[in-house]
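# Tertiary structure, described
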Amino acid sequence: AMPPLDSWRFYCLCCPPGTRTCAFLGNAQMKRPFIWHGRQQEYDPPGEGSLGYLSVSFPCSLTADNRRQLHALAKITGLECVSTGFKSERQLRFGYNVDCDPGAQLNLGDTCEMSASDICAILNANFGMSMTEDDIT
């Protein structure tokens, strides 16, 4: 069995899942652990990732399966994920705060197709995750 990451000792047991900051332990700036597809992962606190955006607005070209995977990932991590628009033009926003100011949101536009590896690159760069293509498909 794989030993737990060091960050598990900073995981807030006193707050419910999805809590953005701990009011008691002061661990708001620590990486947050989660289990995804049987692997232990973690993500950075808001603003600590290399890109530093609070949310990402993905293009409408995401497949329905990719959108489902991102919704599931948000549920597991406590991050937010919202899809809006008509079924054929669904826009997905993912992040710490999907209703943040547009200046704090990375808008990927509507024109490009995104592969699973592109999605992973964005998640890894902005949220400090270590996702692989297999994690999104």
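This report concerns the structure included in the present document. Computed from a predicted structure; not experimentally measured. Positions within a chain are numbered from 1, following the residues in the order the chain's sequence is written. Two thresholds apply to this predicted model, a pLDDT of at least 70 for residue-level local features and 80 or more for giving and counting side-chain atom pairs, whereas whole-chain, interface and lining totals are computed over all residues. Values shown for side chains rest on all heavy atoms present in the structure; no hydrogens or waters enter the calculation.

## Thoughts on the overall build of the chain
We apply this condition: Counting from the N terminus, the helices are the DSSP runs of H or I reaching at least four residues and the strands are the DSSP runs of E reaching at least two. Only protein chains enter the accessibility calculation, which uses a 1.4 Å probe. A residue is then buried if its area is under 20% of the maximum for its type, exposed if over 50%, and partly exposed in between. Residues count as neighbours in contact if any of their non-hydrogen atoms are within 4.5 Å of one another. The Shrake-Rupley method, run with a 1.4 Å probe, gives the accessible areas here. Residue values count only the displayed protein chains as cover.
Summing up its helical and strand segments, the chain has three helices and six strands in all. With 137 residues in all, the chain has 41% of them scored as buried. Considering only residue pairs separated by 6 or more positions, the chain has 60% of its internal contacts joining residues 24 or more positions apart. Of the roughly 7500 Å² of accessible surface on the chain, 55% is carried by carbon and sulfur atoms.

## A look at the side chain of Arg67
In plain terms, the rule: Positive: Lys, Arg. Negative: Asp, Glu. His and the chain ends are not part of the count. One speaks of a salt bridge when a side-chain nitrogen belonging to Lys or Arg is within 4 Å of a carboxyl oxygen belonging to Asp or Glu.
Residue position: Arg67 is located in helix H1 (residues 64-77). For Arg67, which is buried and forms no salt bridge, the nearest opposite charge comes from Glu113, at a distance of 10 Å. Among all residues touching Arg67, those that are not within four sequence positions of it are Cys60, Leu62, Ser83, Lys87, Arg90 and Leu92.

## Topic: the pattern of salt bridges
Applying the stated criterion to the full structure yields three salt bridges. Between Arg39 and Asp135 there is a salt bridge; the shortest N-O distance is 3.0 Å. One end of the pair, Arg39, is in strand S2 (residues 39-43); the other, Asp135, is in helix H3 (residues 133-136), with 96 residues separating them in the sequence. What makes Arg39 partly exposed here is its relative accessible area of 34%. The shortest N-O distance in the salt bridge between Asp99 and Arg93 comes to 3.9 Å.

## Concerning the nonpolar core
Worth spelling out the cut-off: We define the nonpolar core as a collection of buried residues of types Ala, Val, Leu, Ile, Met, Phe, Trp, Tyr and Cys that are connected through side-chain atoms lying within 4.5 Å of one another.
In this structure, Phe58, Leu70, Leu73, Phe94, Leu123 and Met129 are the most contacted members of the largest nonpolar core, which totals 25 residues. Of all the elements in the fold, those that place two or more residues in this core are strand S1 (32-36), strand S3 (55-58), H1, strand S5 (91-95) and helix H2 (116-127). With six residues, H2 is the single largest residue contributor to this core. Residue contacts for Phe58: discarding those within four places in its chain leaves Leu70, Gln91, Leu92, Phe94, Leu108, Gly109, Met114, Ile119 and Ile122.

## Here's the deal with the side chain of Arg93
Rule in force here: Contacts described as polar in this section are N or O atom pairs within 3.5 Å, which, within protein, must combine one atom able to donate a hydrogen with one able to accept it, while residues neighboring in sequence count only if both atoms come from side chains.
Counting through the fold element by element, Arg93 comes out in strand S5. Of the polar contacts made by the side chain of Arg93, one reaches the backbone oxygen of Val98; its length is 3.1 Å.

## Looking at the pairing of strand S4 (residues 80-84)
The side chains of a regular strand alternate, residue by residue, between the two faces of the sheet. To keep it simple, the criterion reads: A pair of strands is treated as paired once DSSP finds two or more bridges between them.
Here S4 runs beside S5; their pairing, made up of five bridges, is antiparallel. Residue Val82 lies in a different strand from S5, and its bridge partner there is Arg93. The antiparallel pairing of S4 with S5 creates a hairpin that spans six residues between the two strands, and Gly85 there sits at a positive phi of about 100°.

## Description of the environment of Asp44
Following the sequence through the fold, Asp44 ends up in the loop between S2 and S3. A sequence separation of 11 residues divides Asp44 from Pro33, and the C-alpha atoms of the two residues are 9.1 Å apart. Discounting chain neighbours no more than four positions away, the residues touching Asp44 are Lys31, Gly49, Tyr96, Phe127 and Gly128.

Don't take any of this as a statement about function, it's just geometry.
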